[in-house]
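# Per-entry structural report
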Amino acid sequence: MASDIANTSPLSCDMSAVSRLRIWLRLALLSAAGLALSAISPLQAAPARIEALRIENYPAVQLQFYVELDSSEDEITPPVFRVLESRRGQEYTVAEALTPERSEAEALHLALVIDATRSVSPSAFRRLRKFGEALLDSLGPQDRAALYVIDAHPRELRAFSRDHNSLRSALQSLQRTGRRTRIYDALYLAMRACARQDAPAGQVRSAVVVLTDAREEDSLLSDRDSSDLNALRGPLDLAVYSYLFASKPAAPRGLERLALRTGGAVVASPVGSSAGSELRRMRRLSVVRYLARYQSPTAALFPGDSIAVRIVAPGGEESATQYSAPFAFWLRSVSPLAVALLIGLACLVIGLSLLALLLLIQRRNARNQASTSVVDAADREAKPGEVSASSSPQPSPMPGSPGPLPLAAAPAPHPLPDDELGAYLVSAEQRAESGMPMSDESIERAVHPQAREIAGALLDDDRKLYLREYAYRLTQSAWREAGEYKRARLEMQAQGGMAARDYDLFLEATVLGSGRWSHIPLRDASASPVHARIKRHDGRYIIYDLLSASGVLINGRKLLRPRGLVDGDELRLGRSRFVFRGEN
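Definitions and limits used
Residues numbered from 1 in each chain as written. Predicted model: local features only at pLDDT ≥ 70, side-chain atom pairs only at ≥ 80, totals over all residues. Heavy atoms only, no water. Helix = DSSP H or I, 4+ residues; strand = E, 2+ residues; numbered from the N terminus. Contact = heavy atoms within 4.5 Å. Areas by Shrake-Rupley, 256 points an atom, 1.4 Å probe, with all protein chains shown as cover. Pairing = 2+ DSSP bridges. Axes fitted to C-alpha atoms, helices over the stretch in contact; angles between N-to-C directions. Core = buried A, V, L, I, M, F, W, Y, C linked by side-chain atoms within 4.5 Å. Buried < 20%, exposed > 50% of the residue type's maximum accessible area, 1.4 Å probe, protein only. Phe/Tyr/Trp six-rings, centres within 6.5 Å; stacked < 30°, edge-to-face > 60°. pLDDT = per-residue confidence, 0-100. Patch = residues over 30% accessible without salt bridge, like charges linked within 9 Å, V, L, I, M, F, W, Y side chains within 5 Å. Salt bridge = Lys/Arg side-chain N within 4 Å of Asp/Glu carboxyl O. Parallel < 35°, antiparallel > 145°, perpendicular 65-115°, else oblique. Left-handed = near helix turned anticlockwise from the far one by under 90°. Nonpolar A, V, L, I, M, F, W, Y, C, P; charged D, E, K, R; others polar. Expected span 1.5 Å × (residues − 1).

## Quick word on the overall build of the chain
- For the chain, the count of helices and strands is 15 helices and 24 strands.
- Contacts in the chain between residues at least 24 apart in sequence constitute 67% of all its contacts with a sequence separation of at least 6.
- Carbon and sulfur atoms form 54% of the exposed surface of the chain, whose accessible area is close to 32100 Å².

## Here's the deal with the sheet that holds strand β14 (residues 487–492)
- One open sheet accounts for six strands, arranged β15-β14-β24-β23-β20-β21; its pairing is antiparallel. Two strands close off the open sheet at either side, each with one partner strand: β15 (501–504) and β21 (557–558).
- Strand direction decides the pairing type here: β14 and strand β24 (residues 576–583), joined by six bridges, are antiparallel. Among the inter-strand pairings, E491 is bridged to a residue of β24, identified as V579.

## Focus: the sheet that holds strand β17 (residues 520–521)
- With respect to topology, five strands assemble into an open sheet ordered β17-β16-β18-β19-β22, the strand pairing being mixed. Strand pairing shows two members of the sheet lacking a second neighbour, β17 and β22 (563–564), which therefore form its edges.
- Pairing of strand β19 (residues 540–545) with β22 involves two bridges; the strand directions are antiparallel. Bridged to I543 within β22 is R563.
- Helix α15 (residues 461–481) rests against β18 (532–537), β19 and β22 of the sheet, and its axis sits at about 135° to β19.

## What about the nonpolar core?
- Within the largest apolar cluster, 33 residues are counted, with the highest numbers of intra-cluster contacts made by L110, L112, I114, V209, L211, Y243 and M282.
- Here this core gets seven residues from one element, more than from any other, and that element is helix α3 (residues 122–137).
- If we ignore the near neighbours within four places in the chain, the residues touching V209 are L110, A111, L112, V113, L135, Y241, Y243 and M282.

## Side note on the packing of aromatic side chains
- One pass over the structure, following the stated rule, counts nine aromatic pairs.
- Ring centres of F131 and F245 lie 6.0 Å apart, and the angle between their planes is 55°; this geometry places the pair in the tilted category. Of the two residues, F131 is situated in helix α3 and F245 in the loop between β9 (238–244) and α7 (253–262); the sequence distance between them amounts to 114 residues.
- The class of F131 is buried, set by a relative accessible area of 1%.
- With 5.9 Å between their ring centres and 65° between their planes, Y485 and F580 make a pair best called edge-to-face. Separated by 95 residues along the polypeptide, Y485 in the loop between α15 and β14 and F580 in strand β24 bring together distant segments of the chain. Like F580, Y485 is buried.
- One aromatic cluster is present, built from ring pairs that chain together F65, F81 and Y290.

## A closer look at helix α8 (residues 275–283)
- Where α8 is concerned, the buried positions are A275, E278, L279, R281, M282 and R283.
- In this structure, the buried residues of α8 make contact with β5 (107–115), α3, β8 (204–212), β9 and β10 (265–268).

## Some remarks on the confidence of the model for the chain
- This prediction gives the chain a mean pLDDT of 75; 68% of its residues lie at or above 70.
- Segment residues 30–45 is flagged for pLDDT under 50; beyond a separation of four residues in sequence, or across chains, it makes eight contacts in the model.
- In the model, residues 381–458 has pLDDT below 50 throughout and makes 123 contacts with residues more than four positions away in sequence or in other chains.

## Let's talk about a nonpolar patch on the surface
- There is a patch of nonpolar side chains on the surface, built from L345, L348, V349, L352, L355 and L359 and spanning about 580 Å² of accessible area.
- Locating L345 in the fold gives a position in helix α10 (residues 336–380).

## Here we look at the pattern of salt bridges
- For the coordinates displayed, the defined rule picks out 21 salt bridges.
- Among the ionic pairs, R310 bridges to E91, the shortest N-O distance being 2.7 Å. One end of the pair, R310, is in strand β12 (residues 306–312); the other, E91, is in strand β4 (residues 90–98), with 219 residues separating them in the sequence.
- The closest approach of N and O atoms between R168 and D137, which form a salt bridge, is 3.0 Å. Here D137 lies in helix α3 and R168 lies in helix α4 (residues 164–172), a separation of 31 residues in the sequence.

## Notes on the environment of S273
- By the secondary structure assignment, S273 is in the loop between β10 and α8.
- Taking the C-alpha atoms as reference points, S273 and F131, separated by 142 residues in sequence, lie 8.4 Å from one another.

## Notes on the packing of α3 against α8
- Where α3 meets α8, the axes come as close as 9 Å, and the angle between the chain directions of the two elements is 60°. As summarised for this structure, α3 and α8 are arranged oblique, according to the angle between their axes. Read as a crossing pair, α3 and α8 show a hand that is right-handed. When α3 is examined against α8, the residues F131, A134 and L135 are found in contact with a partner set consisting of A275, E278 and L279.
- Taken together, the residues of the contact of α3 with α8 break down into five nonpolar, no polar and one charged.

## Regarding the pairing of β14
- Within β14, five of the six residues are buried, which leaves the element mostly enclosed by the surrounding structure.
- Where β14 lies against β15, four bridges are found, and the strand directions are antiparallel. Within β15, the position partnered with M492 by the bridge is R501.

## Let's talk about the packing of α3 against α4
- It is the contact of α3 with α4, at a shortest axis distance of 10 Å, that shows an interaxial angle of 180°. The angle between α3 and α4 falls in the class roughly antiparallel. Listed contacts from α4 to R129, G132, E133, L136 and D137 of α3 are H164, L167, R168, L171 and Q172.

## A few points about helix α5 (residues 183–196)
- Compared with the 20 Å implied by 1.5 Å per residue over 14 residues, the 20 Å span of α5 between its first and last C-alpha is a close match.
- The set of residues buried in α5 consists of I183, Y184, A186, L187, A190, M191, A193 and C194.

## Considering the environment of A170
- Structurally, the position occupied by A170 is in helix α4.
- Residues A170 and L157 lie 13 residues apart in sequence; the distance between their C-alpha atoms is 7.8 Å.
- Once you skip the residues sitting within four places of it in the chain, A170 turns out to touch L147, L157 and R158.

## Re the environment of P562
- Considering the arrangement of structural elements, one finds P562 in the loop between β21 and β22.
- Judged by its relative accessible area of 14%, P562 falls in the buried class.
- Along the backbone, P562 and R533 are 29 residues apart, and their C-alpha atoms lie at a distance of 9.8 Å.
- Leave out the neighbours within four places in its chain, and P562 touches L474, A478, I542, I543 and Y544.

Written out as structure tokens, the structure is:
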């Protein structure tokens, strides 16, 4: 035993004490770190949301953002933010230690809802009334309060007022009456009254406080009732707090849902000493707003250059946006000489563009004049019996007038004059009088091959009038050929999996085609976007081919001119088939 004591040196005792001290220090540090993380954790769930970014006075920037906090927590501190700007890889801290403009409301609108039914025991009613008096005593001079009663007839006992003593006297004189608790009705009255109060956002907060024993005999507060009551809030910052006074308080599900949806709370068996802390929780804003004013350090840049803005919270949460430097600031920052050079360069570009446009117009006019000269030279070489293109053409006789049209039976080897070009458009009656073949296909083969090329050339005023007259004659001939009907329709034949349809021709002009401009759509790849048109003239219907790619066939024959439609005519546009029906 003595040898063991002798072998135990003082140095070994000191080393064991040091090791135990190190262990205790480590435990203390871990505990402190855990407390720090628990204090920071609420901030990690509060990202900033940007409301406005104003750069009218750039480089002076004004940034507004807000944070939504959980108002049901007993204690919570609004987070502290910092703002950073970055451009082209360079980042600058432009604002630090940003705190909200206001975390508590300037005034509180408090609606006390008192359960004064006989279902509340006398002891619970005394504690309930004492807690309500403590709440009224803790109100400030800017706060307003109202008093509502839950009994057989829920009613407003006192309207919103700053006379807290009058409210306290009314609460002290309140007695228990009735046995039916109607929480929903009283809550509806209180919340509607709060919604009608003038409560500017961020300055006034409203709260409805329910003091009850959590028993409800008459109207159960269901989930649907909670949703209806929550809808009464609208944009108002209104929360519902329920304080339960009973030997074994059990919060109804409806009150818990309503507190959760409005940001309130349900508290069991509160005491009067806690009234002050409860009012502070009611005053706390659920949305706190921040305002950052700073001078942007990225002022020397080109117009339109993008600048990124980041808002960073201590917990690591970030919110970001970006903006472009305004052009007005760049004009203010550059020298007048540079502005003058830019204006001169813009004027030079505009002048060169106008000059190029004028040259293009002049070149086109010269080409048109050359084409007209060639046509005039060919007309002068024509045989004497033909009309020259340089002189004013005499219009062909109208149907029924004496004399045939001046059109040679055989095609000439030179460009056609106007009369021969017009013969390409001559009506059926004129062809009969002039001895021309009646077949449209034979006329298309007989007309000079250069007729289409001449028709596409630039025409002078006389030729335009001449062709306009022939177009009128074509429409007149088609109108005479058509039958007269009171109403008409197109019967679309079933094909390719599509059912048959009827289309009434009630418009003055009905367009058929595969494009979005058509009145009657053709679901056919071979149909043109604007394929044909049916026009109504005084009860007669005329069809026109609008230069479609595949053409229009009527009763198996290609349409080469406007034609009047007769009951029973079969129309084919691409692969679509129609039958024209006219009703007298």
